[in-house]
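In case you want the letters, here they are:
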Amino acid sequence: MNQLKTAYEKLFKHFKFVDALEMKNRLAMGPILTYASRENGEISDIDLTFYEKRVGGVSTVIIGPAFITENGQVAHGQIGIHRDQVIRKLHQLTQMIHRRGAKAILQLSHGGRKCVEMESKWQAISPSEKPHKRKGKKPVQMTERDITYIVQAFGEATTRAMEAGFDGVEIDGGNECLLQQFTSRQANERSDSYGGSAENRFTFALEVIREVTRRAAHAGKPFIVGYTLAPKEKGYLGNKVEDTFEWIDRLVHTEIDYLHISALHKPTSKREENHSLLSSIIKHVNYRVPLVGTGGLTATEVAEAFEQGLALITIEQALVVQPDWVEKVINSDEPTSMDVTSLDKDVSLPPEVLAHWQDMHKNDRPY
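Residues numbered from 1 in each chain as written. Predicted model: local features only at pLDDT ≥ 70, side-chain atom pairs only at ≥ 80, totals over all residues. Heavy atoms only, no water.

Chemist: So what's going on with the pattern of salt bridges? Residues and values would help.
Modeler: In total, this model carries 11 salt bridges according to the counting rule given. The salt bridge partner of Glu 42 is Arg 38, with a shortest N-O separation of 3.5 Å. Taking the shortest distance from any N to any O, the salt bridge between Asp 45 and Lys 89 comes out at 3.1 Å. On the criterion of sequence distance, the pair formed by Asp 45 in helix α1 (residues 45–52) and Lys 89 in helix α2 (residues 87–99) is long-range, its members being 44 residues apart. Residue classification places Lys 89 among the buried residues on the basis of a relative accessible area of 7%. Each of Asp 84, Glu 156 and Arg 160 takes part in one network of salt bridges that share partners. (Salt bridge = Lys/Arg side-chain N within 4 Å of Asp/Glu carboxyl O. Helix = DSSP H or I, 4+ residues; strand = E, 2+ residues; numbered from the N terminus. Buried < 20%, exposed > 50% of the residue type's maximum accessible area, 1.4 Å probe, protein only.)

Chemist: An account of helix α6 (residues 203–216) is needed here, citing residue identities and associated values.
Modeler: Look at α6: 20 Å from first C-alpha to last across 14 residues, which is about the 20 Å you get at 1.5 Å a residue. The element α6 is extensively covered by neighbouring structure, given that 11 of its 14 residues are classed as buried. By the burial criterion, the buried members of α6 are Thr 203, Phe 204, Ala 205, Leu 206, Val 208, Ile 209, Glu 211, Val 212, Thr 213, Arg 215 and Ala 216. The inward-facing, buried residues of α6 contact α3 (144–163), β8 (168–173), α4 (178–183), α5 (198–201), β9 (224–229) and α7 (241–251). (Expected span 1.5 Å × (residues − 1). Contact = heavy atoms within 4.5 Å.)

Chemist: Before we move on, could you go through the nonpolar core and cite the residues and values that matter?
Modeler: Ranked by internal contacts, the top residues of the largest apolar core, which has 89 residues, are Phe 204 and Tyr 227. Tallying contributions element by element places α3 first for this core, with eight residues. When residues no more than four places from it in sequence are discounted, the contact partners of Tyr 227 are Glu 170, Ile 171, Gly 173, Leu 179, Phe 202, Ala 205, Ile 209, Leu 251, Ile 256, Tyr 258, Leu 259 and His 260. (Core = buried A, V, L, I, M, F, W, Y, C linked by side-chain atoms within 4.5 Å.)

Chemist: How would you explain the pairing of strand β5 (residues 103–109) if you had to name every residue and give the values?
Modeler: In terms of burial, β5 is largely enclosed, as six of its seven residues are buried. For strand β4 (residues 60–67) and β5, the ladder comprises six bridges, and the chain directions are parallel. The partner of Val 61 across the bridge, within β5, is Ala 104. In terms of handedness, the path from β4 via α2 over to β5 forms a crossover that is right-handed. Strand direction decides the pairing type here: β5 and β8, joined by four bridges, are parallel. Bridge pairing links Leu 106 to Val 169 in β8. (Pairing = 2+ DSSP bridges. Right-handed = clockwise from strand over helix to strand, strands pointing away.)

Chemist: Please give an account of empty space enclosed by the protein that cites residues and values.
Modeler: Following the criterion strictly, the structure yields three cavities of 30 Å³ or more and no others. Roughly 60 Å³ of internal volume is contained in the largest cavity. Taken together, Gly 173, Gln 180, Thr 183, Phe 202, Tyr 227, Leu 229, Ala 230, Pro 231, Lys 232, Glu 233, Asn 239 and Trp 247 make up the lining of the largest cavity. Looking at the lining of the largest cavity, the elements that each hand over two or more residues are α4 and β9. A class-by-class count of the residues in the lining of the largest cavity yields six nonpolar, four polar and two charged. (1 Å grid on protein atoms, 1.4 Å probe; cavity = no way out; pocket = protein on both sides within 12 Å on 5 of 7 lines; lining within 4 Å. Points joined across faces, edges and corners; volume = space filled by probe spheres on them. Nonpolar A, V, L, I, M, F, W, Y, C, P; charged D, E, K, R; others polar.)

Chemist: Could you give me a rundown of the packing of aromatic side chains, with the residues and numbers involved?
Modeler: Inspection of the entire model under this criterion finds seven aromatic pairs. Arranged with centres 4.4 Å apart and planes meeting at 35°, the rings of Phe 182 and Phe 204 form a pair that is tilted. Of this pair, Phe 182 sits in helix α4 while Phe 204 sits in helix α6, placing them 22 residues apart in sequence. Accessibility assignment for this pair places Phe 182 and Phe 204 in one class, buried. Relative to Trp 247, the ring of Phe 202 lies with its centre 4.9 Å away and its plane at 5°, an arrangement referred to as stacked. In this pair, Phe 202 sits in the loop between α5 and α6 while Trp 247 sits in helix α7, placing the two residues 45 residues apart along the sequence. Of the residues examined, Phe 202 reaches a relative accessible area of 0% and is grouped as buried. (Phe/Tyr/Trp six-rings, centres within 6.5 Å; stacked < 30°, edge-to-face > 60°.)

Chemist: Explain the packing of α1 against α2 to me, using residue names and the numbers behind them.
Modeler: The geometry of α1 relative to α2 is characterised by a closest axis approach of 10 Å and an angle of 15° between their N-to-C directions. In terms of orientation, α1 lies roughly parallel with respect to α2. Note that α1 runs across α2; the crossing there is right-handed. Across from Asp 45, Leu 48, Tyr 51 and Glu 52 in α1, the residues of α2 making contact are Lys 89, Gln 92, Leu 93 and Met 96. Across the contact of α1 with α2, the residue classes tally to four nonpolar, one polar and three charged. (Axes fitted to C-alpha atoms, helices over the stretch in contact; angles between N-to-C directions. Parallel < 35°, antiparallel > 145°, perpendicular 65-115°, else oblique. Left-handed = near helix turned anticlockwise from the far one by under 90°.)

Chemist: Lay out the environment of Trp 247 in plain terms, naming residues and giving numbers.
Modeler: When its relative accessible area of 2% is taken as the criterion, Trp 247 is described as buried. Sequence spacing of Trp 247 and Thr 183 is 64 residues, and the spatial spacing of their C-alpha atoms is 8.9 Å. In this structure Trp 247 touches Thr 183, Ala 198, Arg 201, Phe 202, Leu 229 and Asn 239, once residues within four positions along its chain are discounted.

Chemist: Tell me about the sheet that holds β9, residues and numbers included.
Modeler: Within the closed barrel, the eight strands sit side by side as β3-β4-β5-β8-β9-β10-β11-β12. Their pairing is parallel. For this sheet, the mean angle separating the axes of adjacent strands, direction not counted, is 30°. Note: β9 against strand β10 (residues 258–261), four bridges, orientation parallel. The residue of β10 that forms the bridge with Tyr 227 is Leu 259. Across the face of the sheet, α6 comes into contact with β8 and β9 while running at roughly 160° to β9.

Chemist: Now, about the confidence of the model for the chain: what can you tell me, with residues and values included?
Modeler: Should pLDDT be low for a region, the predicted coordinates there are not to be read in detail. Overall, the predicted model of the chain reaches an average pLDDT of 87, with 85% of residues at or above 70. In the model, residues 265–269 has pLDDT below 50 throughout and makes eight contacts with residues more than four positions away in sequence or in other chains. (pLDDT = per-residue confidence, 0-100.)

Now the structure itself:
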């Protein structure tokens, strides 16, 4: 066995959220859409096998994105937390993760206008009728009654996550999903109390956070709540870094336990630009709330991200390509480079599911 490289030693130190859970190291498996769950949103044996192969070395596993209502689903094969029937199989998953020595967190998500391609018995909803894609189908603008219903649905999903044995939930406020759509002028053209000013556009997110943290307070055990935030948006009317700083200033005064900065991990992104953006966010947060972020594909990139000031580092693609990636880092024999197009046969996904996963990530598309 090789000796752990000094540069990586800090990655394997414990981390404890304030008055909450203690993590055995700083490495987390980030949310990965396997496209393998059942049609009703229940996880499959394929999902269980996929995770079992990959959770041995990390301290935390973020499962998801899990849709909170049927009309919040963005893809076939996505995990659901929208009804009580999915709890039993999710409990099997959390039990397995706990046996492997890791904590389990469920990412709660609603796709909003991204769900137009999933329309069947329902219509996609969004802050406004503006489509997700140019010349795409228009979603239905949410009424205040719809907003109240979705806030309640996030709360009910939190309760189900507790019953399924999770150690926390992560509210998906990034990934171009519903909460991000409310904060963005690219999707939100409302003129009521949920649109217009930056303060109004963040109202919906704050209502969701209050409901989720209210439910979490009754867990009867340490149960953490995180929030995913997109660092910035491309294109006309997209949120800038300055907007992100304003969201952060609002978030640190809520009851969330950590902030997860999404994106900054796409294969075609400029590494130096991402490094600079993450550094500016870390500097602005200034340890007011623990930060979680993506570290990259190699152990060197992960270690560099940690040194910037992140509390936990998420790994996604590296664990898909190399299930025992963490063990290899510990033994100092991790692969120097990885390509999602060269996944081996032991990836635990059926050929048709694997082909879809490769296509999504090869073309740099969000789930």
